[in-house]
Amino acid sequence: MKVATTEITNQEFDKMIQASARKLKKHADFINSLNVFPVPDGDTGTNMSLSMESGAKYEMDEPSEHVGKLASALAKGLLMGARGNSGVILSQIFRGFSKSVEDKESLSAQDLADAFADGAQTAYKAVMKPTEGTILTVIREAAKAGNDAAEEEDSVVYVMDAVTKAGKEALKKTTDLLPVLKEVGVVDSGGQGLVFVFDAFDDVLNGRAEADDEPDEEQMDEMVEAKHHQSVQGKIDPADIKFGYCTQIMVRIGKGLQVKQDFDYDTFYNYLAKLGDSLLVVNDEDVVKVHVHTEHPGKVLAWGQQFGDLATVKVDNMRQQQEEIIEKDEPTEVPEPVLDTKGTAIIAIASGTGVAKLFRSLGVTHIINGGQTMNPSTADIVAAINNSHAERAIVLPNNKNIFLAAEQAIQVAEIPAQIVHSRNISQGMTALMGFNPDSNLDSNIDAMEDNLSSVKSGEVTTAIRDTTVQGKRIKKGNFIGIVDGTIETSKANLLDAAGEMAKLMLDEDSEIVTIIYGADTKKSEAEKLADTIQGLDDELEIEMHEGDQPVYPFIVSVE
């Protein structure tokens, strides 16, 4: 294809977004591996990939050829699909980006630079205490380089080259800016994810495409199917359908007896764009697939044959299809929702059937299944709030990596909602002790937040790699005890690690110890841990519950 030098049209923008989603998916495991703590919850890559996948789907489903509208769709999809703090920050970058270009049909070099600058500004505002040495540093320095480049040359390629180069340089600096990254010897995982997005954008604008970044046949089929479904007409009168034939072809580039032209994406696309709407053209080195709604399917087929032979052809009469749909559809009435809950909905994010039962016994009305290795999206939390049919809602994230997604959710929810910033399961349960059904939302939030500091929280999990973190040498396969976010112990034996962790959590004011044992932990092991803790202080009250939670064999709280 020809390289776009002075502007980004809808074609380039679509390719940029789809390519970035594929690249993040391809490299998700690598990004995950950059997690500082050697625990099985390094999900930055997964979160960023799923977030961008959601954004890319919204962008693909947007029928407009106006870049501003495509960017708005991308931002909406990223917002609703955002998972984890990294996914939310990525969504905020493109929220600012989309606001900057909302009136632009295509993007100039300066438009692109301004969009990245606005994206950086929006992302910084979204974080209460911005930390340098993270994805924020990468977007800020990349945006500055983009602005400098736009002043030098009116070329979107030149600007994107500069953004990508500066992003990579800023990423390298993150190791020195954050002591914890320097200790482990890695770059920031969120920053690395953003650099992969820059890389994908830059490859598209330069006409480069790694084989692994090109859509395979299955992905091309999905894209064509999505383009078709975005134009579903509902109850429209068949006579009002302007372009009546849904035409899909697959051309084997350069094959056959009627080839008259070498394949050029822009030439191929621009002719088809004149024949109808809902056009999608996707290709790799060997084939090009087309979806278009037109009145002249024969012209589409003939055009395709100029570039290669027709491997597949599908033409549907959409007016006839619409007549059949209208005939089959029976009018249905949607019943009014029944109010399941009155007053306040309390929504907790947790995994494990036993943990869910414990939360419900403490007053939680709705559980979102999620946690360490499966952060729920903003859309998941919004759905739980809106479907509660309550007057107001309280959200317990029970994981600091879910805070930003929860904060996004309460901003777009249909009812007043607030967050209690519980960082783990123990804090979430303790917070519930402060809830009073007769109090208003603000009073309950204050009381529940105050309770968070009254509990010490400990978790035992397995180290997934050898490392040194927080001054402690950790061996892969060892059990590590984490107290309020700090690794305190590492042992080869589960009960040794849990026992030492509990000992470090106790002081003279300790009264109640709660042990929640996980899905792969035997009750007998939990009983042995309880005996060990009781041996440390025979006046302690010890509670033991089966939590069925993954990842953590033991969750221990001390009050």
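The model shown is predicted, which means the values in this text are computed figures rather than measured ones.

A word on the overall build of the chain. In terms of helices and strands, the chain carries 21 helices and 18 strands. Residue pairs in contact within the chain that sit at least 24 positions apart in sequence constitute 71% of those at least 6 positions apart. Of the roughly 25400 Å² of accessible surface on the chain, 47% is carried by carbon and sulfur atoms.

It is worth spelling out the environment of D496 at this point. Relative to the helices and strands, D496 is located in helix α20 (residues 494–505). Take D496: its relative accessible area is 46%, and that puts it in the partly exposed class. For D496 and I480, which are 16 residues apart along the polypeptide, the C-alpha to C-alpha distance reads 9.8 Å.

Right, let's talk about unusual backbone geometry for a bit. Even without being glycine, D548 reaches a positive phi, approximately 65°. Inspection of the secondary structure assignment puts D548 in the loop between β17 (541–546) and β18 (554–558). Judged by its relative accessible area of 25%, D548 is partly exposed.

Moving on to the environment of G254. In this fold, G254 is placed in the loop between β3 (245–253) and α12 (265–273). In sequence terms G254 and Q305 are 51 residues apart; their C-alpha atoms lie 9.4 Å from each other. Apart from the residues lying within four places of it in its own chain, the contact partners of G254 are V259, F307 and G308.

Across a regular strand the side chains alternate sides, sitting on one face of the sheet and then on the other. Most of β18 sits inside the fold, with 5 of its 5 residues counted as buried. Burial of the side chains of β18 extends over both faces: F554, V556 and V558 are buried on one face and I555 and S557 on the other. Alignment of strand β16 (residues 512–517) against β18, held across 5 bridges, turns out to be antiparallel. Within β18, the position partnered with Y517 by the bridge is F554.

As a further point, take a negative patch on the surface. Judged by side-chain charge, E508, D509, E511, E541, E543 and E559 come together as a negatively charged surface patch. Among the secondary structure elements, E541 is positioned in strand β17.

This paragraph deals with the side chain of S189. By secondary structure assignment, the location of S189 is in helix α10 (residues 189–205). Taking the relative accessible area as the measure of exposure, S189 reaches 11% and is therefore buried. Apart from the residues within four sequence positions on either side, S189 is in contact with I31, L34, T44 and M48.

Glancing now at the packing of helix α7 (residues 135–152) against helix α8 (residues 156–177). Two numbers describe a pair of packed helices, the interaxial angle and the distance between the axes. Contact geometry for α7 and α8: axes closest at 7 Å, N-to-C directions at 150°. Considering the angle they form, α7 stands roughly antiparallel to α8. Along this stretch, α7 crosses α8, giving a crossing that reads as right-handed. Residues T137, V138, E141, A142, A145, G146, A149, A150 and E152 of α7 pack against Y158, V159, A162, V163, A166, G167, A170, L171, K173, T174 and L177 of α8. Among the residues making up the contact of α7 with α8, the classes are represented as 13 nonpolar, 4 polar and 3 charged.

Before going further, it helps to spend a moment on the sheet that holds strand β5 (residues 287–294). The strands making up a sheet associate through backbone hydrogen bonding, with each pair oriented either parallel or antiparallel. In spatial order, the strands read β4-β5-β3-β6; together these 4 strands make up an open sheet with antiparallel pairing. Of all strands in the sheet, those bounded by a partner on one side alone are β4 (276–283) and β6 (308–317). With direction set aside, neighbouring strand axes in the sheet form an average angle of 10°. Bridge analysis of β4 against β5 gives 6 bridges, and the strand direction is antiparallel. Opposite D277, over in β5, you have H293 as the bridge partner. Sheet strands touched by α12: β4 and β5. Its angle to β4, the strand with the most contacts, is close to 160°.

Before going further, it helps to spend a moment on the packing of aromatic side chains. Following the criterion strictly, the structure yields 12 aromatic pairs and no others. On the basis of an interplanar angle of 45° and a centroid distance of 5.6 Å, the ring pair of F94 and F97 is categorised as tilted. In this pair, F94 and F97 both sit in helix α5 (residues 84–101), 3 residues apart, roughly one turn of the helix. With relative accessibility at 2%, the residue F94 sits in the buried group. Ring centres of F263 and F268 lie 5.3 Å apart, and the angle between their planes is 55°; this geometry places the pair in the tilted category. Taken together through their ring pairs, the aromatic side chains of F13, F94, F97, F116, F198 and F201 make up a single cluster. The cationic tip of K15 hangs over the ring face of Y265; the distance from NZ or CZ to the ring centre is 3.2 Å.

Attention now goes to the confidence of the model for the chain. In the predicted model, the chain carries a mean pLDDT of 86, and 89% of its residues have values of at least 70. At the low end of the mean pLDDT range in the chain sits helix α11 (residues 217–229), at 50; at the high end sits strand β10 (residues 417–419), at 97. The low-confidence segment residues 329–341, where pLDDT is below 50, has 10 contacts with residues more than four positions distant or belonging to other chains.

Looking now at the pattern of salt bridges. As enumerated under the stated definition, the model contains 17 salt bridges in all. K57 serves as the salt-bridge partner of D61, at 2.8 Å between the closest nitrogen and oxygen. Within this pair, D61 and its partner K57 are both found in helix α3 (residues 44–61), separated by 4 residues, close to a single helical turn. Measuring nitrogen to oxygen at the nearest pair gives 3.9 Å for the salt bridge that ties R83 to D380. Placement of R83 in the loop between α4 (67–81) and α5 and of D380 in helix α16 (residues 378–386) is noted, with a sequence separation of 297 residues between them. Relative accessible area serves as the criterion here: at 32%, D380 is assigned to the partly exposed category. A single network of salt bridges, built from pairs that share partners, joins E132, R140, E141 and K173.

Rules of the game
- Residues numbered from 1 in each chain as written.
- Predicted model: local features only at pLDDT ≥ 70, side-chain atom pairs only at ≥ 80, totals over all residues.
- Heavy atoms only, no water.
- Helix = DSSP H or I, 4+ residues; strand = E, 2+ residues; numbered from the N terminus.
- Contact = heavy atoms within 4.5 Å.
- Areas by Shrake-Rupley, 256 points an atom, 1.4 Å probe, with all protein chains shown as cover.
- Buried < 20%, exposed > 50% of the residue type's maximum accessible area, 1.4 Å probe, protein only.
- Pairing = 2+ DSSP bridges.
- Patch = residues over 30% accessible without salt bridge, like charges linked within 9 Å, V, L, I, M, F, W, Y side chains within 5 Å.
- Salt bridge = Lys/Arg side-chain N within 4 Å of Asp/Glu carboxyl O.
- Lys, Arg positive; Asp, Glu negative; His and termini not counted.
- Charge placed at Lys NZ, Arg CZ, Asp CG, Glu CD.
- Axes fitted to C-alpha atoms, helices over the stretch in contact; angles between N-to-C directions.
- Parallel < 35°, antiparallel > 145°, perpendicular 65-115°, else oblique.
- Left-handed = near helix turned anticlockwise from the far one by under 90°.
- Nonpolar A, V, L, I, M, F, W, Y, C, P; charged D, E, K, R; others polar.
- Phe/Tyr/Trp six-rings, centres within 6.5 Å; stacked < 30°, edge-to-face > 60°.
- Lys NZ or Arg CZ within 6 Å of the ring centre and 35° of its normal.
- pLDDT = per-residue confidence, 0-100.

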